[in-house]
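This is what each chain is made of:
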Amino acid sequence: MKAESLRNRVLPALICAIASLAIFSGCHVNRPDADHAKTQILYSAVLSDPRTFNPILITDATSSSLTSDLFESLIRVNPVTTLPEPGLAEKWDIAPDSKSITFHLRHDVKWFDGQPVTAHDVLFTLDVIYDPKVPNSIRPAITIDHQRIVAEAPDDYTVVMHLPKPFAPLLYSIGIPVMPAHILEPVWKAGDFNHTWGIDTAPEKLIGNGPYQMTHYTQGQLVRYDRNENYWMKDEHGGQLPRLHGQTVTIVPDQNTEYLRYLAGQIDVYGPRTEEVSPLQDKVAKHELEVQVQQIGIDTGSLFFTFNRNPRHYVKNGVTNPKLNWFTDLKFLQAMAHMVDKKSIIDLVFHQLAVPAVADISPENKIFHNPDLKDYEYDPKLAAEMLEAAGYHLVKPDLRTDPKGNRLEFDLTTNTGTPERNEMCTIFKQDIESLGIKVNYRPLEFTTLVDKLDSSFDWDCVLIGFTGGIEPNDGANFYRSSGNLHLWDPNQPTPATPWEAEIDTLLDEGASEMDPNKRAPYYWRIQQILHDQLPIIETVHQQRYASWKNSLENYQPKVWGLYKPEWMEFKAD
């Protein structure tokens, strides 16, 4: 959970692009060639710059999407069947006791520099992930009973993984990008891995094995890719894959501009916001726009408010900031949960194309979503009564204090460039202030916000979204008390609360049960705990749509990612 925990291949539902050059006069980007069938270049966009090009260090969705086509994993997940299927490993064998698995690697995969991809690359990648000096979001998802997976390579194309006990999520969790040992192992041994492949790295130095090679990156402007002519995958006739010859991804931090550029034909694929769905459909019906508009399902992620409970931020020189007492007070949090006006958010922000979110696992996850949770109804009167009963008194119409007389005031933020989140925060701020609580709302540029969340911890309340996966254990870096994305109090040496300790135990027990239907109750219980203890306050799940040019064939967006993205190509207009 972060960024996409499992590789969805190609830059999924790639939103945005290149609007009028008058807006970005410094961004010299050619418009898509009129003859797409000749050039076979896909134009798309993202909302922000990447934070890193090192896949092991990624914690944000943009960095993940911009590197996803550079690196292959042992296994990929089919977004239609949601089942694991071959990647770098052409097949695998699971031992009868389910405590070891043997992966048989393809013999025809090469790195961009021509070196063969071997079992040693897989072993090296695991060593890096398990290195405590390398901060990453992958390690919690492949840690079993506090132990690493022990792997060996009997030969160059065989990897045997030994598990301390049966581990049901393995085939999903092991879908990690395999890294080039011949390039990065010396760097890792020298202690420099954490400073390798930053966004200042020349694209030609990013040695991957995926379907595309990065050829150009200009910060704040664009990323370009060329097809990997030596990519291992072939079509049913033995033809070269991917069929596209390249991609150009523009960085446009404003969704209104993205939409205008899509209407102008300057990008080929777009994830329309809810208010854009009906206008797009009207333009299609009137033959004003030659595109497809398709509903693909309920968002698989989670969009929530969370309050900072990190004592490393709020306790300084033995003095505790009163905010820590509020943000760990269940009565305060329950009152805040009753102030999330989901109906107004659905009607005003998402134009009725959303549903209330009660659990953090999406209803699209049919087995693991807990359908039995009772939502916190929007009820300002009840919230005010709860605050009064807990000692948070309204001393003047616009002033509420805590039991020690401190004024209730906190900062609220989200990432810039997403009008929906801005509107949600505005609604939440207005409602909270009606209780006499002062809210200082200031949205932040995405990379700045992520730095606050995972480095400085300097924040009070944030509205943020996490992508969701098919396998709940892939969110272990979020659920576990020791996880680096356990936002409200990350990287705990020991669980700070009994309920966080219970979640840690449930993750271990759930991962040991091999029957999916018997596993479900463990994750249902985790969702119940999060619902009751409110480290996150759920908002809504958006109905997701995809739109793309009619000339783009084999573009098959699913709620879990793109299906067979290597088969995409442009036909003649």
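Residues numbered from 1 in each chain as written. Predicted model: local features only at pLDDT ≥ 70, side-chain atom pairs only at ≥ 80, totals over all residues. Heavy atoms only, no water.

Participant: Give me the sheet that holds strand β5 (residues 100-105): which residues, what numbers.
Facilitator: The four strands are arranged β4-β5-β7-β6 in an open sheet whose pairing can be described as antiparallel. Either end of the sheet is taken by a strand with one partner, and the two such strands are β4 (89-94) and β6 (150-155). Taking the axes of each pair of neighbouring strands and ignoring which way they run, one obtains an average angle of 20 degrees across the sheet. Where β5 and strand β7 (residues 158-162) come together, five bridges link them in antiparallel fashion. Across the sheet, residue T102 finds its bridge partner in β7, namely V160. (Pairing = 2+ DSSP bridges. Helix = DSSP H or I, 4+ residues; strand = E, 2+ residues; numbered from the N terminus. Axes fitted to C-alpha atoms, helices over the stretch in contact; angles between N-to-C directions.)

Participant: Could you give an account of the pattern of salt bridges, naming the residues involved and the relevant values?
Facilitator: Inspection of the entire model under this criterion finds 28 salt bridges. R76 is the partner of E72 in a salt bridge, and the nearest nitrogen-oxygen pair spans 3.8 Å. Considered together, E72 and R76 belong to a single accessibility category, that of buried residues. Salt-bridge contacts for R76 lead to E566; the nearest nitrogen and oxygen are separated by 3.3 Å. Placement of R76 in strand β2 (residues 75-77) and of E566 in the loop between β26 (561-562) and β27 (569-570) is noted, with a sequence separation of 490 residues between them. Exposure remark for E566: the relative accessible area of 2% places this residue in the buried category. Here the salt bridges share partners, and the residues they tie into one network are R273, E275, E276 and E420. (Salt bridge = Lys/Arg side-chain N within 4 Å of Asp/Glu carboxyl O. Buried < 20%, exposed > 50% of the residue type's maximum accessible area, 1.4 Å probe, protein only.)

Participant: Could you give an account of the side chain of R76, naming the residues involved and the relevant values?
Facilitator: R76 gets classed as buried once you look at its relative accessible area, which sits at 11%. Polar contacts involving the side chain of R76 include one to the side chain of Y231, which spans 3.4 Å. (Polar contact = N/O pair within 3.5 Å; in protein donor to acceptor, adjacent residues only side chain to side chain.)

Participant: Lay out unusual backbone geometry with the relevant residues and their values.
Facilitator: Trans peptide bonds make up the majority, and among non-glycine residues the majority have a negative phi. Here the bond from L241 into P242 is cis, since omega is -5 degrees, no more than 30 degrees from zero. The backbone phi angle of H287 is positive, close to 60 degrees, even though this residue is not glycine. Along the chain, the position of H287 falls in the loop between α7 (274-285) and β12 (291-298). What makes H287 exposed here is its relative accessible area of 66%. In the Ramachandran plot, N554 falls in the positive-phi region, its phi being about 65 degrees despite a non-glycine side chain. Its location among the elements puts N554 in the loop between β24 (552-553) and β25 (557-558).

Participant: Break down the sheet that holds strand β10 (residues 246-251) for me, citing the residues and quoting the values.
Facilitator: Reading across from one edge, β1-β10-β9-β8 is the order of the four strands in this open sheet, with mixed pairing throughout. Two strands lie at the open edges of the sheet, namely β1 (41-46) and β8 (212-218), each paired on one side alone. Here the average twist between neighbouring strands, direction ignored, is 20 degrees. Judged from the five bridges that link them, strand β9 (residues 222-227) and β10 form a sheet pairing that is antiparallel. The residue of β10 that forms the bridge with R224 is T248.

Participant: Describe in detail the environment of I470, supporting the description with residues and values.
Facilitator: Within the secondary structure, I470 sits in the loop between β21 (461-466) and α15 (476-479). Taking relative accessible area as the criterion, I470 reaches 14% and is therefore assigned buried. Linking I470 and T497, residues 27 residues apart in sequence, is a C-alpha distance of 28 Å. Apart from residues no more than four positions distant in its own chain, I470 is found in contact with V77, T82, Y172, N365, F368 and W560. (Contact = heavy atoms within 4.5 Å.)

Functional significance is not addressed by these values, which are geometric in nature.
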